[in-house]
Amino acid sequence: MNSKNSPAFIATPLITPERIRRDPAEAFAIVPPWASNWAWSCEDPESLRQEGHDVPLATVLGRKHKRAYGFSAPQFAFLLELTRLGHSVVTNTNGKGPNPAVYAKVSFRDAPHDNMPLSRIFIEAGPNEAVSTIDILSDLRPENLHKAGAGKPTKFAASKVLFHCKRLAQEREAGGTLPEGFSVEAYVDNLRALLAAIYPEPQSPADAA
């Protein structure tokens, strides 16, 4: 389910890095339906936040292929924001049997050819780089992701996400379907800020959108 079915979330203020640092529980008080089954992954998230650490959380993704995934608070906020206007987060599987591997990916509205695994976004993978998890398959925090050379991927993941988020926002702006006072520029700038909070030194192609 994507955020076009969640008018309450679309109308909420942008989830900025500042909101997360100030009060992560308040920042995530309203989320789209796909993200409704989330919970903190630690016993005392407030203590972690005050110590300056990213607060970990987990949420169940997918409908047919359900799987709980681990994220940092900035990662979760980035997913919420990229789906605010109509893109979605889905899961698929590469096999059958009692325990098939399940992967989470972003599904771009009107651009399925660019759909990509979330892991590529969160380690800022580029052309000819494949991404794998180091330990737990469902932990998508950057410290559990590894990049390696590969021939298939041809795009900078973060740059492509920003491109499609900006594209959809501009299309909705032209169609008059954005909330009153919504700024496309502020929306895209906040996505960049969240990426910077996920990995402090983003590659320059991510700024091209």
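None of these values were measured; they are calculated from a predicted model.

The subject of this paragraph is the sheet that holds strand β4 (residues 88-93). As summarised here, the arrangement of the 3 strands in space is β4-β5-β6, forming an open sheet in which the pairing is antiparallel. Two strands bound the open sheet, and with one partner strand each, they are β4 and β6 (116-117). As judged from the 2 bridges shared by strand β5 (residues 102-107) and β6, these two strands associate in the antiparallel manner. Bridged to Val-106 within β6 is Met-116.

Let us now look at the nonpolar core. One finds Phe-28, Phe-71, Phe-78, Leu-80, Leu-118, Ile-121 and Phe-122 to be the most contacted residues of the largest nonpolar core, which totals 50 residues. Mapped by element, the contributors of at least two residues to this core are α1 (7-10), β2 (56-61), β3 (67-72), α5 (73-82), β5, α6 (118-122), α7 (157-175) and α8 (184-198). Contact partners of Phe-28, with chain neighbours within four places excluded, come to Ile-15, Ile-20, Trp-38, Trp-40, Leu-57, Ala-73, Phe-76, Ala-77 and Leu-80.

Where α5 meets α8, the axes come as close as 9 Å, and the angle between the chain directions of the two elements is 155 degrees. What the angle tells us is that α5 and α8 run roughly antiparallel. Of the two elements, α5 crosses α8, and the hand of that crossing is left-handed. Across the interface between the two elements, Pro-74, Gln-75, Ala-77, Phe-78, Glu-81 and Leu-82 from α5 touch Tyr-187, Asn-190, Leu-191, Leu-194, Leu-195, Ala-197 and Ile-198 from α8. Split by residue class, the contact of α5 with α8 holds 10 nonpolar, 2 polar and 1 charged.

For the rest of this paragraph, the subject is the pattern of salt bridges. Enumeration over the complete set of coordinates arrives at 6 salt bridges. Of the charged contacts, one joins Arg-84 and Glu-81 as a salt bridge, the two residues approaching to 2.7 Å between their closest N and O atoms. Like Arg-84, the residue Glu-81 is buried in the burial classification. A salt bridge links Arg-192 to Asp-189; its shortest N-O distance comes to 3.4 Å. A residue pair is termed a helical-turn pair when its members lie 3 or 4 positions apart in one helix, as Arg-192 and Asp-189 do in helix α8 at 3 residues.

Cut-offs and rules
Residues numbered from 1 in each chain as written. Predicted model: local features only at pLDDT ≥ 70, side-chain atom pairs only at ≥ 80, totals over all residues. Heavy atoms only, no water. Pairing = 2+ DSSP bridges. Helix = DSSP H or I, 4+ residues; strand = E, 2+ residues; numbered from the N terminus. Core = buried A, V, L, I, M, F, W, Y, C linked by side-chain atoms within 4.5 Å. Buried < 20%, exposed > 50% of the residue type's maximum accessible area, 1.4 Å probe, protein only. Contact = heavy atoms within 4.5 Å. Axes fitted to C-alpha atoms, helices over the stretch in contact; angles between N-to-C directions. Parallel < 35°, antiparallel > 145°, perpendicular 65-115°, else oblique. Left-handed = near helix turned anticlockwise from the far one by under 90°. Nonpolar A, V, L, I, M, F, W, Y, C, P; charged D, E, K, R; others polar. Salt bridge = Lys/Arg side-chain N within 4 Å of Asp/Glu carboxyl O.

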